[in-house]
Number of protein chains: 2
Amino acid sequence: MVHRGGDNLSNRTLRMRIDGGGALLEPWLDELYKIGAEPGGGAYRPLYGTAWAEAGDCVERWMKKAGLETRRDAVGNLWGRLDGTEKGKVIVTGSHIDTVRHGGRLDGALGIVAGLTATEALMKARGKPKRSLDVVAICEEEGSRFPTNFWGSRAIVGSIGKDEADTIVDPNGVTIAQAMRERGLDPAKIGSAARDDIDAFVELHIEQGAVLETTRQPLAVVSAIAGGVHLEIVVTGRADHAGTTPMDLRHDALVGASVMIQAIESITRAIGAPAVATVGRIRAEPDQINVVPGRVVFTVDLRHSDPGARRALEERTRSLCRTIAAERGLELEVRVLQERPPVPMHAEVRAVLTRAAQECGVRATELVSGAGHDAQILAARCKVGMLFVPSVGGRSHCPEEHTDPGHLELGARVLVRTLELLAY
Amino acid sequence: MVHRGGDNLSNRTLRMRIDGGGALLEPWLDELYKIGAEPGGGAYRPLYGTAWAEAGDCVERWMKKAGLETRRDAVGNLWGRLDGTEKGKVIVTGSHIDTVRHGGRLDGALGIVAGLTATEALMKARGKPKRSLDVVAICEEEGSRFPTNFWGSRAIVGSIGKDEADTIVDPNGVTIAQAMRERGLDPAKIGSAARDDIDAFVELHIEQGAVLETTRQPLAVVSAIAGGVHLEIVVTGRADHAGTTPMDLRHDALVGASVMIQAIESITRAIGAPAVATVGRIRAEPDQINVVPGRVVFTVDLRHSDPGARRALEERTRSLCRTIAAERGLELEVRVLQERPPVPMHAEVRAVLTRAAQECGVRATELVSGAGHDAQILAARCKVGMLFVPSVGGRSHCPEEHTDPGHLELGARVLVRTLELLAY
């Protein structure tokens, strides 16, 4: 049961108070964006790097200044606590502090900064909450340094594998454990980061897609985080001399793969949203300008919010590729690299988010998140919910990442009201 | 005018004599194939390497034993001379001694070994020729060590650029000049390798394609070496999040490139042989499993024996790619990496080859060579002609490279008769 309170606030006073807190939103986002700024544009704050540490210190200063009690857990998640007057499980808001290479100003940063300004605004306006309220800067979500991700949220739910810290290495051969020690963190204590005292986790995030912008909506309550599967498809034909092998005697693995890639796009379009299919990587062998490719390896990322529809998309992809390979005398091998089930957001949190939006004057749409988020991991241990604000042009993970200030402000206001409904 | 003689020989005596010389064909091919043998199968004899030097020494021993007078020119081409009784330009036969990585037993080696056995057989049966006869082991043709090729034949026609030896480096940063000095060759003397005393060059080679096998023909006289163009096509779309970007909002450079690759195959098939088009290399960026490719670069190798038809194929390729890019909101850039005109074989040499084949009981077909050969370079300075024997399964540049012993023998017999017609 999610606690609901704060019904005594009028919209007018609510709006005033939020405007006060929100005044810090843009300057703080600007300040964070400077940390890890890259020559080619954007910022890069990989887990346990220098920029990552600097950003954490910066947020901790803001938390302390706001009157929150801070602590770092074993993996370096940063928590800022506003104690509640009653016992009970904690309400948490926040996001991740790491970024991809050339990352934008809002991905992750928005959830932390908005969570902190919202908490500060509530504290000023209403004092201590009933339920304790935590603002969290999660140490890692993007997977942009080590070939793993959700490091912070997986620590919180206690699902990090025994050997992960010692076996997973970055491109320079540094293990996660070595990188932790460089930041004064003890890998042996990872287990201590696990929490079972969280009631609900809510996160404000940019959409990172263009659905809201295209449909001219200012806000969405996330209904689910789409599941997906990563396939690796290996097409084997025969490498031949590009000059001496007539077209009708070839078994060209790349032309075969090209037909498959086009067919995957066609069926996914035919199925319609929210089905998406992406071939992101491709490699041809022997990779010579004058040799017919004998082998091609490509990846397919398939997503759909409905598990049945996702499986159907995968089955049609496999069957189409089989048919194309057979028609062209090619061999086909399909490997599953990763399979993630879809994660629904908690009905109670969704209802609170929808109500909060309504009280801020917005009828929020519901949206399936195509991107992965910490909420899908934390869902194993607590109620989760997410709010999306529009991304201009749908751009994200790039310096062009942008959201209209009015939309950022609206998102923060709905977050304030949500936290008020949950914690006061 | 190609000199024609030897008409006084009966087919029966000719056949007997050739069988005698041919007996060495297979053992010598076996011996050469051992030099540079690789762990993964096949042989690798890159220019100026250890295996290359060993192979040259081996062929020089055979030449001397056969009674030829040997010499190395400035770039390391190995010449074995059988002096003629009359003054006049020289008749040359042979092939290249270098190989690709994991190269087969016949590519290059066959032309040298068959040239030597043929010359030996003629010498034994008919003594000194009227015209001097040279057997040559050309130092390099494949381009498998340095990013250049036809080094040997370009030296013979005097077309090696002034700075090439000092500026072209192998993958270890060694210049051609350094590699030459390691073999006791003086790069300053490259110009001295040029010859203007060659009347005709004939070469026996494997087809490296499957046309002869497919059409059940034992021998071909090459009519021309196909010209070709290498294009680099850059498709620019927009990198987007694979999970959050609906299919209809994408500008996927890889799907666009896939449609182009398929279209290139279709039009080339529609035009028909001898048109061939090959996309051998492809690279997608940012090359992430969960990111829609924003940029794809691929190469196209287009060949046709008729220059007009080749240009038409290129124009249709460019126009199709433009249309596909425009339809999908992608940008397109097409760069010409290399352009080679087709080289016809000399009519007189073709006629002699056809007659020689006929006298050996075979009605030789005519074939356009899709692969490049030294003859296309030497054509600038002398009359050139080539004979092809079938490649089993069309395989070449691999350990599976194979030709039926009967076809090798037939090729050598026709070469003997050709050299007899040209030099005696």
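Residues numbered from 1 in each chain as written. Chains lettered and ligands numbered in written order. Predicted model: local features only at pLDDT ≥ 70, side-chain atom pairs only at ≥ 80, totals over all residues.

### Points about the overall build of chain A
For step 1, the next point in the chain: Across its full length, chain A holds 13 helices and 16 strands.
For step 2, the next point in the chain: In terms of overall dimensions, chain A is globule-like: its C-alpha atoms have a radius of gyration of 24 Å, near the 22 Å expected for 424 residues.
For step 3, the next point in the chain: Projecting the C-alpha coordinates of chain A onto the three principal axes gives extents of approximately 80 × 45 × 40 Å.
For step 4, the next point in the chain: Within chain A, the fraction of its 424 residues that count as buried is 59%.
For step 5, the next point in the chain: The long-range fraction of contacts in chain A, counting pairs at least 24 apart against all pairs at least 6 apart in sequence, stands at 77%. (Helix = DSSP H or I, 4+ residues; strand = E, 2+ residues; numbered from the N terminus. Rg over C-alpha atoms; globule rule 2.2 N^0.38 Å. Buried ≥ 20, exposed ≤ 12 C-beta atoms within 10 Å, placed from the backbone. Contact = placed C-beta atoms within 7 Å.)

### Thoughts on the interface of chain A and chain B
For step 1, the next point in the chain: With 50 residues of chain A at the interface, the matching set in chain B holds 50 residues.
For step 2, the next point in the chain: Mapped by element, the contributors of at least two residues to the side of chain A that touches chain B are α8 (211-214), β8 (240-241), α9 (253-271), β9 (276-278), β10 (282-285), β11 (291-292) and β12 (295-304) of chain A.
For step 3, the next point in the chain: The leading source of residues in the side of chain A that touches chain B is α9(A), at nine residues.
For step 4, the next point in the chain: Class assignment of the residues belonging to the side of chain A that touches chain B gives a composition of 21 nonpolar, 21 polar and eight charged. (Nonpolar A, V, L, I, M, F, W, Y, C, P; charged D, E, K, R; others polar.)

### A word on the relation of the copies chain A and chain B
For step 1, the next point in the chain: The two copies are related by a screw operation: chain A maps onto chain B through 180° of rotation and 0.3 Å of translation along the axis, at an RMSD of 0.2 Å. Such a combination of rotation and displacement between the chain copies is what one expects of a two-fold axis. For chain A, the smallest separation between a C-alpha atom and the rotation axis is recorded for A:Ser258, amounting to 2.2 Å.
For step 2, the next point in the chain: The overlap is high: 100% of the interface residues of chain A also sit at the interface in chain B, so the same surface is used on both sides. (Least-squares fit on C-alpha atoms with pLDDT ≥ 70 in both.)

### A closer look at the domain arrangement of chain A
All names here are of chain A.
For step 1, the next point in the chain: Segmenting chain A into domains produces domain 1 (11-225 + 342-423) and domain 2 (227-340).
For step 2, the next point in the chain: For domain 1 and domain 2, the distance between their C-alpha centres works out to 36 Å.
For step 3, the next point in the chain: Residues belonging to the side of domain 1 that touches domain 2 are distributed by class as follows: three nonpolar, one polar and no charged. (Domains from an automatic or database assignment.)

### Here we look at the environment of A:Gly40
For step 1, the next point in the chain: Along the chain, the position of A:Gly40 falls in the loop between α2 (25-34) and α3 (50-65).
For step 2, the next point in the chain: Along the primary structure A:Gly40 and A:Lys65 are separated by 25 residues, whereas in three dimensions their C-alpha atoms are 33 Å apart.

### Thoughts on helix α3 (residues 50-65) of chain B
All names here are of chain B.
For step 1, the next point in the chain: For α3, spanning 16 residues, the distance from its first C-alpha to its last is 23 Å, which sits close to the expected 22 Å at 1.5 Å a residue.
For step 2, the next point in the chain: For α3, the complete set of buried residues consists of Trp52, Ala55, Gly56, Val59, Trp62 and Met63. The buried residues of α3 all sit within an arc of 120° when viewed along its axis, so they share a single face. Residues of α3 that are exposed and angled more than 90 degrees away from the buried face: Asp57, Arg61, Lys64 and Lys65.
For step 3, the next point in the chain: Packed against the buried residues of α3 are α2 (25-34), β1 (69-72), β2 (78-82), α4 (109-126) and β4 (133-138).
For step 4, the next point in the chain: Phi turns positive one or two residues past the end of α3, at glycine 67, with a value near 95°. (Expected span 1.5 Å × (residues − 1). Arc of directions from axis to C-beta.)

### Overview of helix α13 (residues 405-423) of chain B
For step 1, the next point in the chain: Taking 1.5 Å per residue, 19 residues should reach 27 Å; α13(B) reaches 27 Å between its end C-alpha atoms and fits that length.
For step 2, the next point in the chain: Burial of α13(B) is extensive: 16 of the 19 residues sit out of reach of the surface.

### Here's the deal with the pairing of strand β7 (residues 227-236) of chain B
Residue and element names in this part refer to chain B.
For step 1, the next point in the chain: Of all 10 residues in β7, seven are buried, a share of seventy percent or more.
For step 2, the next point in the chain: One ladder, built from 10 bridges, connects β7 with strand β12 (residues 295-304); its direction is antiparallel. Across the sheet, threonine 236 pairs through a bridge with arginine 295, a residue of β12.
For step 3, the next point in the chain: Bridge analysis of β7 against strand β13 (residues 331-340) gives nine bridges, and the strand direction is antiparallel. By the bridge assignment, isoleucine 233 is partnered in β13 with valine 334. (Pairing = 2+ DSSP bridges.)

### Some details on the packing of helix α11 (residues 347-359) of chain A against helix α13 (residues 405-423) of chain A
To characterise two packed helices, one gives the angle between the axes of the helices and the distance between these axes.
All names here are of chain A.
For step 1, the next point in the chain: The contact between α11 and α13 brings their axes to 8 Å, and the two run at 125°. Compared by their axis directions, α11 and α13 come out oblique. Read as a crossing pair, α11 and α13 show a hand that is right-handed. Two secondary-structure elements touch here, α11 through Val352, Leu353, Arg355, Ala356, Ala357 and Glu359 and α13 through Val414, Arg417, Thr418, Leu421 and Leu422.
For step 2, the next point in the chain: Class assignment for the residues of the contact of α11 with α13 results in seven nonpolar, one polar and three charged. (Axes fitted to C-alpha atoms, helices over the stretch in contact; angles between N-to-C directions. Parallel < 35°, antiparallel > 145°, perpendicular 65-115°, else oblique. Left-handed = near helix turned anticlockwise from the far one by under 90°.)

### Quick notes on the pairing of β1(B)
Residue and element names in this part refer to chain B.
For step 1, the next point in the chain: Of the strand pairs in this sheet, β1 and β2 are connected by four bridges, and their pairing is antiparallel. Its bridge partner lying in β2, threonine 70 is registered against glycine 80.
For step 2, the next point in the chain: The antiparallel hairpin formed by β1 and β2 contains five residues in its connecting segment, where glycine 76 sits at a positive phi of about 100°.

### Digging into the packing of α2(B) against α4(B)
All names here are of chain B.
For step 1, the next point in the chain: Interhelical geometry of α2 versus α4 gives an angle of 140° and a closest axis separation of 10 Å. In this view, α2 runs oblique relative to α4, as classed from their interaxial angle. When the axes of α2 and α4 are compared, the crossing they make is right-handed. Residue-level inspection shows Leu25, Trp28, Leu29, Leu32 and Tyr33 of α2 in contact with α4, the latter providing Ala109, Leu110, Val113, Ala114 and Thr117.
For step 2, the next point in the chain: Here the residues of the contact of α2 with α4 sort into nine nonpolar, one polar and no charged.

### Some details on unusual backbone geometry
For step 1, the next point in the chain: The omega angle of the peptide bond from A:Ala273 to A:Pro274 is 5°, so this bond is cis rather than trans.
For step 2, the next point in the chain: Positioned with a positive phi, B:Tyr48 is a non-glycine residue whose angle comes to about 65°.
For step 3, the next point in the chain: B:Tyr48 gets classed as buried once you count the C-beta atoms within 10 Å, which come to 24.
For step 4, the next point in the chain: Non-glycine residue B:His102 carries a positive phi angle of around 50°.
For step 5, the next point in the chain: Tracing the chain through its elements places B:His102 in the loop between β3 (90-96) and α4.

### Examining the environment of B:Ser153
Residues and elements named next belong to chain B.
For step 1, the next point in the chain: Here serine 153 is to be found in helix α5 (residues 151-156).
For step 2, the next point in the chain: Residue classification places serine 153 among the buried positions, given that 27 C-beta atoms sit within 10 Å.
For step 3, the next point in the chain: Serine 153 sits 258 residues away from glycine 411 along the chain, and the two C-alpha atoms are 23 Å apart.
For step 4, the next point in the chain: Excluding residues that lie within four positions of it along the chain, serine 153 makes contacts with Ile138, Glu141, Asp374, Ile377 and Leu378.

### Quick word on the environment of B:Leu408
Residue and element names in this part refer to chain B.
For step 1, the next point in the chain: Here leucine 408 is to be found in helix α13.
For step 2, the next point in the chain: On the basis of neighbour counts, which here come to 23 C-beta atoms within 10 Å, the residue leucine 408 falls in the buried class.
For step 3, the next point in the chain: Here the alpha-carbon distance between leucine 408 and glutamate 26, two residues 382 residues apart in the chain, equals 8.7 Å.
For step 4, the next point in the chain: Setting aside chain neighbours within four positions, we find leucine 408 in contact with Leu25, Leu110, Val389 and Thr403.

### Some words on the confidence of the model for chain A
Residue and element names in this part refer to chain A.
For step 1, the next point in the chain: This prediction gives chain A a mean pLDDT of 92; 95% of its residues lie at or above 70.
For step 2, the next point in the chain: Below pLDDT 50 for its whole length, residues 1-14 participates in 21 contacts with residues either more than four positions away or in separate chains.
For step 3, the next point in the chain: This model gives residues 16-20 a pLDDT under 50, and the stretch forms seven contacts once residues within four places in sequence are excluded.
For step 4, the next point in the chain: Of the two predicted TM-score estimates for the complex, the pTM is 0.75 and the ipTM is 0.76. (pLDDT = per-residue confidence, 0-100.)

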